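Observations on the three-dimensional arrangement
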Amino acid sequence: MRRDRFNRRGLLVSASLASLLAAASAQGQTTPPGGTGGDPQAAEPAGPDAQQPQEQEIVVQGFRASLDNALNLKREETAAVDSIVAEDIGKFPDSNLAESMQRIPGVALSRGDGGEGRNISVRGLGAQFTRVRINGMEGVSQVSGSDIRGGVATGRSFDFVTFPTEIFSSLAVRKTLSADVEEGSLGATVDLRAPKPFDQKKDFVLSATARGIYNDISKKADPRLSALVSKKFGDTFGVLASVAYSKRHIDEYAYSAVDILPTYVAGQSRPVTLPGATTPTNIIFPFCTPVGYTYQGVAVTSPAPGYANSGVSVGADAANCSTGNPRTSTAAAYDYIMSRTGVSGRPGGGVFLPRLPRPVKGSQNQERLAGSLTLQWKPSDNTDISIDSLYSRFKVNRLDTMLDARSMGRTASNNGQPMMSIRDIEVDDNGSLIHGLWDGVDLRSEMQDEHFTSTFRQVNLNFDQRFSDSFRIYGLAGINDSRLHVNRLQVAIDSNDTDNFSIDFRDDPNLPKIDYGIDLTNPANFLYGPPLADGSQRGQISNFIRDNTIVSKTFELNSEWKAAPGFTVQVGGQYRTNKYTARERQLIPSQSLPLTLPAGVSMADITFLTSGIGKNLGGNMQDFVAIDPDKFRSAVNFDSFQYCSVECAKGTYGGVSEKYSSGYLMVKFNTEETLPFTLRGDAGVRYVHTSLDTYGPIPTAAPTGAPYPLSTSSRRCSARTRIFCRR
């Protein structure tokens, strides 16, 4: 094992200028009525009985008070900072924290499952360029992918979907740098603060909310509850606790094309000696050619008779594209495609087709539980010590099903598009499909059953000690961890070489009508089992169990000295460690392909009907059978399946350890009281030292006697080249 380390030192200099206001004095002269401009007579003072204006006290409360507070924070900062304070947050009808963040200027929101906000970007930069601090500590929140193809979070992007808005009292987005703020965020630094007892105006505060969200697709009402209780014990000690709980059921229906590709991408190349040429030219033929087809007067048969996959014949001959799959393409449709070259200049390059046209249904049960607990001690106005703790758990059970025209995205090696016959087709001037009709299409019903839980925990000690009106010391020490557990099972069943498959956009340019040529509700029309020798697939299975853990520890100490009126000197430092580990197990090689179903188990025993497709997609597509995850696990005794990781060169095994230390010196100035004009700003310098230690698997030949042909060895990798060494 080799260990490589990477050390980085940096010296950062920052300066910012908040405002420059020129002030000029002006004098006015009042001339009494009837007088002249040159009359030096002064106005007579008012008598003692003259009515004096009464002073009135105006108290701003509620939502407008919170807006004033946010504006004051923005005005007093020398950096560009936008914020939302407590009164606003609790009144927003937002599903989670990300949706509250989008109310800040310059913050854009990206949405995930059920249209719920997930990540933010600032100034057009992605979520990975935004740092998030919770009660002063950097935090990371992890979730799984947002759809059937989504991966597992492995970076520093913060998923706000795991947090409700109710447990925070303020949100702030810092868009510019200053010496006292840790570097590393090209987009912004987001500060989230939980409420404290002495933030409350009364000694005892109890508030609670109850809401319901009704989904007119799932026909269910979902609860959302929150409560806050705060109690001050005298003038020195207080306790505050908050909790928020929500439950949501989401049903989503959609049509997905996955990609739009020209027909030649998945086609098969055949050598053709064109008229006038002496050597053959490789021409890509996108589909199975008609019987006796000629291209520019040259006879062409594709796939060629005797074509084989991995040495096994697929059964192609003069009359068949493959075994039991006759050539039914029409010359008119084939010539239509080959004549449209598009911008690529290649035959078929001017016809664009969906790679995996499919209806999609996603069903989710989400449960979000979060809370905070703060103990605060203020023996005097000069001392403020608090212990802040925060907990969040986001739990999701998701079931996705979809029906693919799988041949459209398969090459000849998978008996895909070149084995399809094209009977009729029409595209518009841009090459977009208007309608098409095919035979020999492989259909696949996919199911993904995923359960993931994201947990975040943090506890930190905050202290602020003021020794005099001009000097104070403040800082924090804390630890947080983010844990993600994912268990994802994917099982697919196939119906191969189906005829009369059509896609029709003539009635609706956005949502096509799709006919499949078979009864999709009949389980007997689908197959599950090992692939055939000629490459024909009969289903698919994959499963992984993954655990990601990120543990961060932070110690920070700062001092502030008012050296002179309008001038403040800040000195401080920070030490932080992050440790990231990823562990993933997958099915052993012998079980990562479909196995023959146990005796007595039929397709009807392991499937269910995906309903609502026709109703919610305008009647353009049909309901279909899909694998029922619970029935499948029981029928095949899935609990007996085995897993492996580095010992069979599968899964993920890696980690990153980071140590970060820094120090800064900064001067803030405000000339409002010392100069005839106001100039506010700061200037400072920051020193940074970062050390990284990473490791990951590298494939090697398995030792003698190992049950798998490949294994991996754990090796330390240089952070100068990559963060993980992967196979």
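Preceding this section is the structure that the text describes.
Read on for a plain summary of the structure. Since the structure is predicted, the reported quantities are computational estimates derived from the model, not experimental observations. Each chain carries its own residue numbering, running from 1 in the written order of its sequence. Restriction of local features to residues with pLDDT of at least 70 applies here, the model being predicted, together with a cutoff of 80 or more for giving and counting side-chain atom pairs; totals for whole chains, interfaces and linings are based on all residues. Processing note: side-chain calculations cover all non-hydrogen atoms of the structure and skip hydrogens and water entirely.

A word on the pattern of salt bridges
Between side chains of opposite charge, a pair can form when the charged atoms approach closely. This is how it is decided: Salt bridge, as used here: a side-chain nitrogen of Lys or Arg that lies within 4 Å of a carboxyl oxygen of Asp or Glu. Strands here are runs of E lasting at least two residues and helices are runs of H or I lasting at least four, both read from the DSSP assignment and numbered beginning at the N terminus. To sort residues, take the accessible area from a 1.4 Å probe on protein chains only and compare it with the maximum for the residue type: under 20% means buried, over 50% means exposed, and anything in between is partly exposed.
For the coordinates displayed, the defined rule picks out 27 salt bridges. Across the salt bridge formed by lysine 196 and aspartate 388, the nearest N and O atoms sit 3.9 Å from each other. Taken as a pair, lysine 196 in the loop between β8 (188-193) and β9 (204-215) and aspartate 388 in strand β23 (residues 383-405) lie far apart in primary sequence, 192 residues in all. A single burial state applies to lysine 196 and to aspartate 388, both of which are buried.

Some remarks on the pairing of strand β11 (residues 237-256)
Counted only if it meets this: For two strands to be treated as a pair, DSSP must find no fewer than two bridges joining them.
Pairing geometry for strand β10 (residues 220-233) and β11, over 10 bridges, is antiparallel. Within β11, the residue paired with leucine 225 across the bridge is tyrosine 245. Turn length for the β10-β11 hairpin, with the two strands adjacent in sequence and antiparallel, is 3 residues, and the turn residue glycine 234 shows positive phi of about 70°. As defined by bridge partners, β11 adjoins strand β22 (residues 358-380) across 20 bridges and the pair is classed as antiparallel. Bridge pairing links glycine 238 to glutamine 376 in β22.

Observations regarding the sheet that holds strand β25 (residues 433-439)
Our working definition: Every axis in this analysis is a line fitted to C-alpha atoms, fitted for helices over the stretch in contact. Angles between the N-to-C directions lie between 0 and 180 degrees.
Taken together, the 4 strands give an open sheet; going across it, the order is β24-β25-β28-β29, and neighbouring strands pair in antiparallel fashion. Each having just a single partner strand, β24 (421-427) and β29 (513-515) make up the two edges of the open sheet. The average angle at which neighbouring strand axes cross in this sheet is 5°, direction not considered. One ladder, built from 3 bridges, connects strand β28 (residues 501-504) with β29; its direction is antiparallel. Opposite aspartate 504, over in β29, you have lysine 513 as the bridge partner.

Some remarks on the state of the cysteines
Stated precisely, the cut-off is as follows: Counting rule for disulfides: a pair of cysteine sulfur atoms within 2.5 Å.
In total, this model carries 2 disulfides according to the counting rule given. Cysteine 288 shares a disulfide with cysteine 321; S-S distance 2.1 Å. Handedness of the cysteine 288-cysteine 321 disulfide follows from its S-S torsion of about -95°: it is left-handed. Linking cysteine 288 in the loop between β14 (281-285) and β15 (294-295) with cysteine 321 in strand β19 (residues 320-322), this pair joins segments that are 33 residues apart in sequence. Each member of the pair, cysteine 288 as well as cysteine 321, carries the same accessibility label: buried. Across a sulfur-sulfur distance of 1.8 Å, cysteine 644 and cysteine 648 are joined as a disulfide pair.

Section: unusual backbone geometry
Cis rather than trans, the peptide bond between serine 302 and proline 303 has omega equal to -5°. As for its position among the elements, proline 303 is in the loop between β16 (298-299) and β17 (308-309). The backbone phi angle of serine 310 is positive, close to 55°, even though this residue is not glycine. Tracing the backbone through its elements, the reader meets serine 310 in the loop between β17 and β18 (312-313). At asparagine 415, a residue that is not glycine, the phi angle is positive and equals roughly 55°. As for its position among the elements, asparagine 415 is in the loop between β23 and β24.

Description of the packing of aromatic side chains
Put simply, the rule is: In summary, the pairing rule links any two rings of Phe, Tyr or Trp, Trp by its six-membered ring, whose centres are within 6.5 Å, and it sorts them by plane angle into stacked for under 30 degrees, edge-to-face for over 60 and tilted for everything else. Whether a charge sits over a ring comes down to the Lys NZ or Arg CZ being within 6 Å of the ring centre and within 35 degrees of the ring normal.
Tallied over the entire structure, the rule returns 15 aromatic pairs. Consider the rings of tyrosine 528 and phenylalanine 632, whose centres lie 5.7 Å apart with planes at 85°: the pair is edge-to-face. Placement of tyrosine 528 in the loop between β29 and β30 (540-564) and of phenylalanine 632 in helix α6 (residues 629-635) is noted, with a sequence separation of 104 residues between them. The burial state of tyrosine 528 is the same as that of phenylalanine 632; both residues are buried. Each member of the aromatic cluster is reached from another via a ring pair, and the members are Phe287, Trp438, Phe501 and Tyr516. One cation-aromatic arrangement involves arginine 576 over tyrosine 660; the distance from NZ or CZ to the ring centre is 4.8 Å. Taking NZ or CZ as reference, arginine 585 lies 5.4 Å from the ring centre of tyrosine 643, over its face.

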